[in-house]
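# Secondary and tertiary structure notes
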Amino acid sequence: MARRFVPLLSVLLASCGGGSDASTEAIVTVPAAAPTPAPTPAPTPTPSATDASALPVESGATAIVFAGADLPIRATAYIVGAATHFSYAALAGYDPDSVAQRFADSGIRAFREDLFWNALAPDWDVDGAHLPTPLVTFLGKTSARPLYILNNGNPWIPGASPPAGDIGQAAFATYAQHAVAATGGRDALYEIWNEWNRNAVRDKPVLVGPGDASDYRASLYYAPLAARATSAIKQVAPGAKVLVGAAGDDPGWQWTLDVLARGGAAQADGVSAHIYNHCANTANRTATEAIGRLGTLHDKVASANGGRDLPVYVTEWGWPSGTASCSVSAAKIATNVPQFLLHTAALPWVAGSWYYETKDSGSDPANIQYNFGLYDANYAAKAAQCAFA
């Protein structure tokens, strides 16, 4: 059933609080039909899209006004998710009971998890015996919808680390079918690889743009892998939703758009995108900047994809706290997170988002990779978690 967002006149201060460093850019004003006025006195008119002067606005804030006629309609519910790490639960401190309880206590209704090929093949058990025990335990404690990343090369199979050639890609397609057989039944989504443009080959300078034949991280290697794996999945599970893309740090979306132009998403159900800006200049470490870049991607998807539009799935987004040079203050994160969540939920072309990540993976504030969580390493809620409450 179609859903109309924010049916009442409301002014949302998109912030979870957090002190004087909190941004004031996130005032979102959404006028809707005014109630039937009493005969006397005459009611104050509902502000129009061009006149927000009558609305309460925090000093220094920028009002983002949606006219009633522009309220978006969603054909499907927005997916609210978060990343988990049960595939290496001991290393990242992911306890199934604790994560399931945090999901139940919040609005998080989906999770994103790795299915590492090299850990599961070649002796895959289609009944799921090779799934990580913490993941199996978590699945028994939650109704959250899974998004599984079909990920990593396989050094036990020739030509499959990475699967850049025909033999490796054929083996990966078989693995994808086995993965679906082992994990289906929960309306699961599947994502082809994670940040191929960064980690198909490691320990090399950052790839900017599509790349070329000399570099296995290039889009020309990922596109046929994505197309082949998607086709293989559809053969055994025609209703399974498959996402293609998941690029890391893709300026101008050049790599992603070239994947589409090469037919990588010909049978896919969506384009997955990762959006970060915590290492940008301080003024651009905002939800507004991230949302703007998502819009740029969406505007170009159909033309790059042979005229076929696809929804965007934001499978990674977030801001790290801590003391590292690219860290963002807790107050700023507490403003960014609800603004991003509210704004993307009101964009019908964004199918959903998965925050990175559910909890901090460690306790060292100087290690930026440890500090992306909505909860800290001991499962205490951080300020931004209120956006999911």
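Residues numbered from 1 in each chain as written. Predicted model: local features only at pLDDT ≥ 70, side-chain atom pairs only at ≥ 80, totals over all residues. Heavy atoms only, no water.

### Topic: the overall build of the chain
Within the chain one finds ten helices and 13 strands. Each of the 389 residues in the chain was classed as buried or not, and the buried ones make up 52%. Sequence separation of 24 or more characterises 73% of the internal contacts of the chain that already satisfy a separation of 6 or more. Only carbon and sulfur atoms are counted for the fraction: they give 55% of the accessible area of the chain, which is about 16,500 Å². (Helix = DSSP H or I, 4+ residues; strand = E, 2+ residues; numbered from the N terminus. Buried < 20%, exposed > 50% of the residue type's maximum accessible area, 1.4 Å probe, protein only. Contact = heavy atoms within 4.5 Å. Areas by Shrake-Rupley, 256 points an atom, 1.4 Å probe, with all protein chains shown as cover.)

### What to know about the environment of Asp 95
Mapped onto the elements of the fold, Asp 95 is located in the loop between helix H1 (89-92) and helix H2 (96-104). C-alpha separation for the pair Asp 95 and His 85, spaced ten residues apart in sequence, amounts to 9.5 Å. In contact with Asp 95, not counting residues within four places along its chain, are Phe 86 and Tyr 379.

### A short note on the packing of aromatic side chains
This structure, assessed with the given rule, holds 22 aromatic pairs. Relative to Tyr 190, the ring of Tyr 148 has its centre 6.1 Å away and its plane inclined at 35 degrees; by these criteria the two rings are tilted. Here Tyr 190 lies in strand E9 (residues 189-192) and Tyr 148 lies in strand E8 (residues 145-151), a separation of 42 residues in the sequence. Each member of the pair, Tyr 148 as well as Tyr 190, carries the same accessibility label: buried. Taking 6.0 Å as the distance between ring centres and 70 degrees as the angle between the ring planes, the aromatic pair formed by Tyr 355 and Phe 388 counts as edge-to-face. Here Tyr 355, found in strand E13 (residues 350-355), pairs with Phe 388, found in the segment after E13; they are 33 residues apart in sequence, far enough to count as distant. (Phe/Tyr/Trp six-rings, centres within 6.5 Å; stacked < 30°, edge-to-face > 60°.)

### What to know about the confidence of the model for the chain
Regions with low pLDDT should not have their predicted coordinates read in detail. Taken residue by residue, the chain gives an average pLDDT of 85. The fraction at 70 or more is 79%. Low pLDDT (under 50) marks residues 1-13, which in the prediction has 40 contacts with non-local residues, meaning those over four places away or in another chain. Segment residues 22-62 is flagged for pLDDT under 50; beyond a separation of four residues in sequence, or across chains, it makes 74 contacts in the model. (pLDDT = per-residue confidence, 0-100.)

### A short note on the nonpolar core
It is characteristic of soluble globular proteins that their nonpolar side chains tend to be buried jointly. Counting residues in hydrophobic clusters, the biggest one holds 88 residues, and the most contacted among them are Leu 150, Ile 192, Trp 317 and Phe 340. Excluding its chain neighbours within four sequence positions, the residues that come into contact with Leu 150 are Leu 115, Phe 172, Tyr 175, Ala 176, Ala 179, Tyr 190, Glu 191, Ile 192, Trp 193 and Ile 233. (Core = buried A, V, L, I, M, F, W, Y, C linked by side-chain atoms within 4.5 Å.)

### Let's talk about helix H8 (residues 254-261)
Here H8 has its buried residues at Trp 255, Thr 256, Leu 257, Val 259 and Leu 260. Elements that come into contact with the buried residues of H8 comprise helix H6 (196-199), helix H7 (219-236), strand E10 (241-247), strand E11 (270-275) and helix H9 (287-304). Backbone geometry just after H8 places Gly 263 at a positive phi near 85 degrees.

### Things to note about the state of the cysteines
All told, the structure shown has one disulfide when counted by the stated rule. Between the sulfur atoms of Cys 279 and its disulfide mate Cys 326 the distance is 2.0 Å. Disulfide Cys 279 to Cys 326: torsion about the S-S bond roughly 120 degrees, handedness right-handed. Here Cys 326 lies in the loop between strand E12 (312-317) and helix H10 (330-345) and Cys 279 lies in the loop between E11 and H9, a separation of 47 residues in the sequence. Accessibility expressed as a relative area gives 15% for Cys 326, which makes it buried. (Disulfide = S-S within 2.5 Å.)

### What about the packing of H7 against H8?
At a minimum axis separation of 9 Å, H7 and H8 run at an interaxial angle of 50 degrees. As summarised for this structure, H7 and H8 are arranged oblique, according to the angle between their axes. The handedness of the crossing between H7 and H8 comes out as right-handed. For the pair formed by H7 and H8, the contact residues are Ser 219, Tyr 222 and Ala 223 on the first element and Trp 255, Asp 258 and Val 259 on the second. Here the residues of the contact of H7 with H8 are counted per class, giving four nonpolar, one polar and one charged. (Axes fitted to C-alpha atoms, helices over the stretch in contact; angles between N-to-C directions. Parallel < 35°, antiparallel > 145°, perpendicular 65-115°, else oblique. Left-handed = near helix turned anticlockwise from the far one by under 90°. Nonpolar A, V, L, I, M, F, W, Y, C, P; charged D, E, K, R; others polar.)

### Here's the deal with the sheet that holds strand E7 (residues 110-116)
Pairing in this closed barrel of eight strands is parallel, and the strands run E6-E7-E8-E9-E10-E11-E12-E13 around the ring. Within this sheet the neighbouring strands show an average axis-to-axis angle of 30 degrees, counted without direction. Where E7 meets E8, seven bridges bridge the pair, whose relative direction is parallel. The residue bridging Phe 111 from the neighbouring strand is Pro 146, located in E8. (Pairing = 2+ DSSP bridges.)

### Some details on the pairing of strand E6 (residues 79-83)
Look at any regular strand and the pattern is simple: side chains alternate between the two faces of the sheet. Judged by how many residues are buried, E6 sits mostly within the fold: five of five residues are covered. By the bridge criterion, four bridges tie E6 to E13 in an arrangement that is parallel. Looking across to E13, one finds that Ile 79 is bridged to Gly 352. Pairing geometry for E6 and E7, over three bridges, is parallel.

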